[in-house]
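Observations on chain architecture
For reference, the chains in residue letters:
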Amino acid sequence: GLPSYTDEVIDMAYNCQDGFLYALAYAGMSYEIMRIDLHHETVETVMTLGSELVPGFQEAYALACGPDGLLYLIAGSRHSGDEAEYAGLYLMDVTEEAETTQVFNLGLELENSELSAVIDQASGTLYFTYYTSQYDTARGELEEQAVFYSWNGSELEPLLELGNIAFDALALTGGPDV
């Protein structure tokens, strides 16, 4: 079997182009993207995520793979702008050369978030779940938000309100004719 290399697997994505399974993992004190060869039962770290690769990097949340084989990472980042510090979720692409590029600012809160993502291999549309919670001390209530989103390469669209349910695994089933 495969050896244990990590403390926690956060998300996984299968790459149809190269036939490898990729894992986003928290290992020790760092986040890593790992390539898993299921046929030969090997695991190798492709990259260790940090602020040198993702400016203002805070936390990694989700991983998905496009039909072209490009990996997409949803990561939390904290930036200082002209007026104030902004923390939010960003969609990044990850190249074979272990580089990241910010593709899209999702405009969603970073704090107390849970996500899972998958890309439709026929259309290239990214789907992801987003859950966040905060305790309102004035009202003495837990405020929760869960939404199912799609991103078509340029626009983010909320598809479905999920109430107060956190989804930490998301998968598409079926082929292009389904």
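Summary of the structure given here. (Residues numbered from 1 in each chain as written. Predicted model: local features only at pLDDT ≥ 70, side-chain atom pairs only at ≥ 80, totals over all residues. Heavy atoms only, no water.)

**Side note on the overall build of the protein**
How we decide: Numbering of helices and strands runs from the N terminus, with a helix taken as a DSSP run of H or I at least four residues long and a strand as a DSSP run of E at least two residues long. Per-residue accessibility, obtained with a 1.4 Å probe over protein chains only, is compared with the maximum for each type, and a residue is labelled buried under 20%, exposed over 50%, and partly exposed between these values. When checking whether two residues touch, look at their non-hydrogen atoms; a contact exists if any pair is within 4.5 Å. Per-residue and other accessible areas follow the Shrake-Rupley method at a 1.4 Å probe size, with only the shown protein chains counted as cover for residues.
If you tally the helices and strands in the protein, you get 0 helices and 12 strands. Taken over 178 residues, the protein has a buried fraction of 39%. Taking contacts inside the protein between residues at least 6 apart in sequence as the whole, the part at least 24 apart equals 35%. When the accessible surface of the protein is totalled, it reaches about 9,900 Å², and 46% of it is carbon and sulfur.

**Regarding the pairing of strand β9 (residues 113-119)**
For the record, the criterion: Two strands form a pair only when DSSP identifies at least two bridges running between them.
Burial analysis of β9 places 6 of its 7 residues in the buried class, which makes it a mostly covered element. Taking the residues that link successive antiparallel strands as the turn, the β9-strand β10 (residues 126-136) hairpin has 6 residues, and the phi of Gly124 there is positive, at about 80 degrees.

**A few points about the nonpolar core**
A general trend in soluble globular proteins is that nonpolar side chains are found buried together. We apply this condition: Remark: nonpolar core denotes a set of buried residues (Ala, Val, Leu, Ile, Met, Phe, Trp, Tyr, Cys) joined through side-chain atoms within 4.5 Å.
Membership of the largest hydrophobic core comes to 18 residues, with the highest contact counts inside it found for Ile33, Leu49 and Leu73. Of all the elements in the fold, those that place two or more residues in this core are β2 (21-27), β3 (30-37), β4 (42-49), β5 (57-65), β6 (71-80) and β7 (85-94). Considering every element that reaches this core, the biggest residue donor is β5, with 4 residues. The next biggest cluster of nonpolar side chains, apart from the first, holds 17 residues, and it includes Ala62, Leu106, Leu126 and Tyr130.

**Regarding the sheet that holds β2**
Our working rule: To obtain each axis, a line is fitted to C-alpha atoms, and for helices this fit is confined to the stretch in contact; angles are then taken between N-to-C directions over 0 to 180 degrees.
Read from one edge of the open sheet, 4 strands run β1-β2-β3-β4, paired in antiparallel fashion. Each edge of the open sheet is held by one strand with a lone partner, namely β1 (8-14) and β4. Here the strands of the sheet are splayed against their neighbours by 25 degrees on average, with no regard to which way each runs. Where β2 meets β3, 7 bridges bridge the pair, whose relative direction is antiparallel. Opposite Leu21, over in β3, you have Ile36 as the bridge partner.

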